[in-house]
Structure formats: C-alpha cells, structure tokens
Amino acid sequence: MKAYFPGTPDFIMRLFSKYIWRFSLEKKEVFLTFDDGPTPEITRFVLNELKKYDAKATFFCIGKNIENEPEIFNAIISDGHTIGNHTQNHFNGWKNDTSVYIDNVLTCEKSILKHSNQNSDSKLFRPPYGKIKKSQARILIEKGFKIIMWTVLSGDFDNKLSKENCLQNVLKNVNNGSIIVFHDSVKAAEKVTYVLPKVLEKLSKQGFVFKAIE
C-alpha cells in the first residue's frame, strides 16, 4: 500500500484550488462521503447508521454498480442523500486517455439518470483514487461538473491499517467543513462497520451536523 495523507495538507489544496476540498471553517458541519457503491454487502448498513443520527451524506457511485443494484441506488436517494459520479468503471485518470476517461464519466452520468426514480441530475464528481489529469479536469469543469476531493481520508481501503487506526485517522483530522471519505465497498466493509457508528456518535456529541454536498 502506497503512502497517503489521512489529512490533506494545505499546500495540496492550494496547488489544486479548482477542486473542492472542504467547506466553511465557520460552521460546525462535516460532509460524509462514500465511494464505490452501491454495494449489497455494505450500502444498506451505511444507510441505516446514517438514519439513526438524521445524518445526510454524499454517495459517489460507480455506474456499473448502479446498473447492477438500482434498488439500493434509489434507497440512497429516497433517504435524502446526494449522488456523485465516480465514473462508470472506476477508471484511474492517470492511466486513461482523456477522451476515453470523459466518455466513461458521461456514461456514468447516463446510468445515474436512467436508474434514478427522482431523475437525479448530479454534477458532483470524484475521480477514483483521486487521480485525474489536468486536461480531464478542465473538460469536466467546462461541462459543469464540480470536482469533489476531501479533507480527511479514513484509509478504510488499506489492508494494512487496523480498524482502530482507521477511526483515529478520522477523529484526529476532522474539523469544521471537513469532507470525509469512506467506501461502501466489500473491501472496506469490515472497517466501515466498526468506524462509522463511532464517528457518528462521537462527532454528534461534539455538536457536528452531517450534511450532504449539494
């Protein structure tokens, strides 16, 4: 597993200032996000936990998973959460030509529209792995997409990271306006089932409100 920052350094946010990394530092709000779903093994668990705290979140969905699990996809929307585009096939922008990458994003957008029971037209986008070329980002921004990155990376995808340290990654780095990344994927399921309930409980007691990205 390559090194990553649990808390995104300020210099990275400044370097890529056209991306959205966080929201207002003045408001006691956090923005939970879940990548890679919908996934039958974990997404409904996530939805149930969020409901306990009246917490809203943003789900960056993979198009092929939407196609496979339209009922779970619509459960996300029906619970009042927002949807983001995570490409149709979880493409790594650094490894794909710009035209191929953009086509894959637009295919995911079609999957979102096709299967949404509320005609959800999302222009929120998160690049898988956080890897996207400047040429790809420029075109997506021109097409009206908002590129949503993060302030806090839980590390739930890291096989070498314990669930306890995953929890600490979140709690030690969260602040007002933080965008926090989890994954509703099979790979991350064990950590998420441990960490998410504790994050919701602890941050709620600290007075944080959990909001979806609009």
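Report on the accompanying structure. For clarity, every value in this text was computed on a predicted model and none was experimentally measured.

Reading the values: the criteria
- Residues numbered from 1 in each chain as written.
- Predicted model: local features only at pLDDT ≥ 70, side-chain atom pairs only at ≥ 80, totals over all residues.
- Heavy atoms only, no water.
- Phe/Tyr/Trp six-rings, centres within 6.5 Å; stacked < 30°, edge-to-face > 60°.
- Buried < 20%, exposed > 50% of the residue type's maximum accessible area, 1.4 Å probe, protein only.
- Lys NZ or Arg CZ within 6 Å of the ring centre and 35° of its normal.
- Axes fitted to C-alpha atoms, helices over the stretch in contact; angles between N-to-C directions.
- Helix = DSSP H or I, 4+ residues; strand = E, 2+ residues; numbered from the N terminus.
- Parallel < 35°, antiparallel > 145°, perpendicular 65-115°, else oblique.
- Left-handed = near helix turned anticlockwise from the far one by under 90°.
- Contact = heavy atoms within 4.5 Å.
- Nonpolar A, V, L, I, M, F, W, Y, C, P; charged D, E, K, R; others polar.
- Polar contact = N/O pair within 3.5 Å; in protein donor to acceptor, adjacent residues only side chain to side chain.
- Arc of directions from axis to C-beta.
- Pairing = 2+ DSSP bridges.
- 1 Å grid on protein atoms, 1.4 Å probe; cavity = no way out; pocket = protein on both sides within 12 Å on 5 of 7 lines; lining within 4 Å.
- Points joined across faces, edges and corners; volume = space filled by probe spheres on them.
- Salt bridge = Lys/Arg side-chain N within 4 Å of Asp/Glu carboxyl O.

## With respect to the packing of aromatic side chains
Now for step 1: Enumeration over the complete set of coordinates arrives at 8 aromatic pairs.
Now for step 2: Seen in terms of ring centroids, Phe23 and Phe31 are 4.5 Å apart; in terms of plane orientation they differ by 45 degrees. Their pairing is tilted.
Now for step 3: What makes Phe23 partly exposed here is its relative accessible area of 28%.
Now for step 4: With relative accessibility at 6%, the residue Phe31 sits in the buried group.
Now for step 5: Taken together, the ring pairs in this structure connect Phe34, Phe59 and Phe182 into an aromatic cluster.
Now for step 6: Here Lys28 stacks its cationic end above the ring of Phe208, 4.1 Å away from the centre of that ring.
Now for step 7: The ring of Tyr194 carries Lys198 above its face, with NZ or CZ at 4.1 Å from the centroid.

## A look at the packing of helix H5 (residues 98-115) against helix H6 (residues 134-142)
Now for step 1: At their nearest, the axes of H5 and H6 sit 9 Å apart, and the two run at 40 degrees to each other. Classified by the angle between their axes, H5 and H6 sit oblique to one another. For the pair H5 and H6, the crossing hand works out as right-handed. On H6, the residues that touch Thr98, Tyr101, Ile102 and Val105 of H5 are Ser135, Gln136, Ile139 and Leu140.
Now for step 2: Classifying every residue of the contact of H5 with H6 by side-chain character gives 5 nonpolar, 3 polar and no charged.

## Here's the deal with the side chain of His81
Now for step 1: Within the secondary structure layout, His81 lies in the loop between helix H4 (70-78) and strand E3 (82-85).
Now for step 2: From its side chain, His81 meets the backbone nitrogen of Ala57 in a polar contact 3.0 Å long.

## With respect to H6
Now for step 1: For H6, the complete set of buried residues consists of Gln136, Ala137 and Leu140. Relative to the axis of H6, the buried residues are bounded by an arc of 95 degrees and lie together on one face. Within H6, the exposed residues directed more than 90 degrees away from the buried face are Lys134 and Glu142.
Now for step 2: Next to the buried residues of H6 lie H5, strand E4 (124-125) and strand E5 (146-147).
Now for step 3: Looking at the residues trailing H6, positive phi occurs at Gly144, about 95 degrees.

## Description of the pairing of strand E7 (residues 179-183)
Now for step 1: E7 sits mainly inside the fold: 5 of its 5 residues count as buried.
Now for step 2: Across 5 bridges, strand E1 (residues 29-35) lies against E7 in parallel orientation. Of the residues in E7, the one forming a bridge with Asp35 is His183.
Now for step 3: Bridge count between strand E6 (residues 152-153) and E7: 2 bridges; the pairing is parallel. When the bridges of E7 are listed, Leu153 appears paired with Val181.

## Remarks on the layout of surface pockets
Gaps left between atoms show up when a probe the size of a water molecule is rolled over them.
Now for step 1: Of the pockets and cavities examined, the largest pocket occupies roughly 1000 Å³.
Now for step 2: Together, 33 residues line the largest pocket, and Tyr129, Gly130, Lys131, Trp150 and Leu153 are the ones closest to its centre.
Now for step 3: Along the lines of polarity and charge, the residues of the lining of the largest pocket split into 20 nonpolar, 7 polar and 6 charged.
Now for step 4: The volume enclosed by the second largest pocket comes to roughly 210 Å³.
Now for step 5: Around the second largest pocket sit Leu15, Phe16, Ser17, Lys18, Tyr19, Lys134, Ala137, Arg138 and Ile141, which together line it.
Now for step 6: The dominant element in the lining of the second largest pocket, judged by the number of residues it contributes, is H6, at 4 residues.
Now for step 7: For the lining of the second largest pocket, a count of residues per class yields 5 nonpolar, 1 polar and 3 charged.

## Let's talk about the pattern of salt bridges
Now for step 1: Tallied over the full model, the rule gives 8 salt bridges.
Now for step 2: Among the ionic pairs, Arg22 bridges to Asp10, the shortest N-O distance being 3.6 Å. Placement of Arg22 in the loop between helix H1 (10-15) and E1 and of Asp10 in helix H1 is noted, with a sequence separation of 12 residues between them.
Now for step 3: Between Asp79 and Lys51 there is a salt bridge whose closest N-O contact spans 3.6 Å. A residue pair is termed long-range when its members are at least 10 positions apart, and Asp79 in the loop between H4 and E3 and Lys51 in helix H2 (residues 43-52) qualify at 28 residues.

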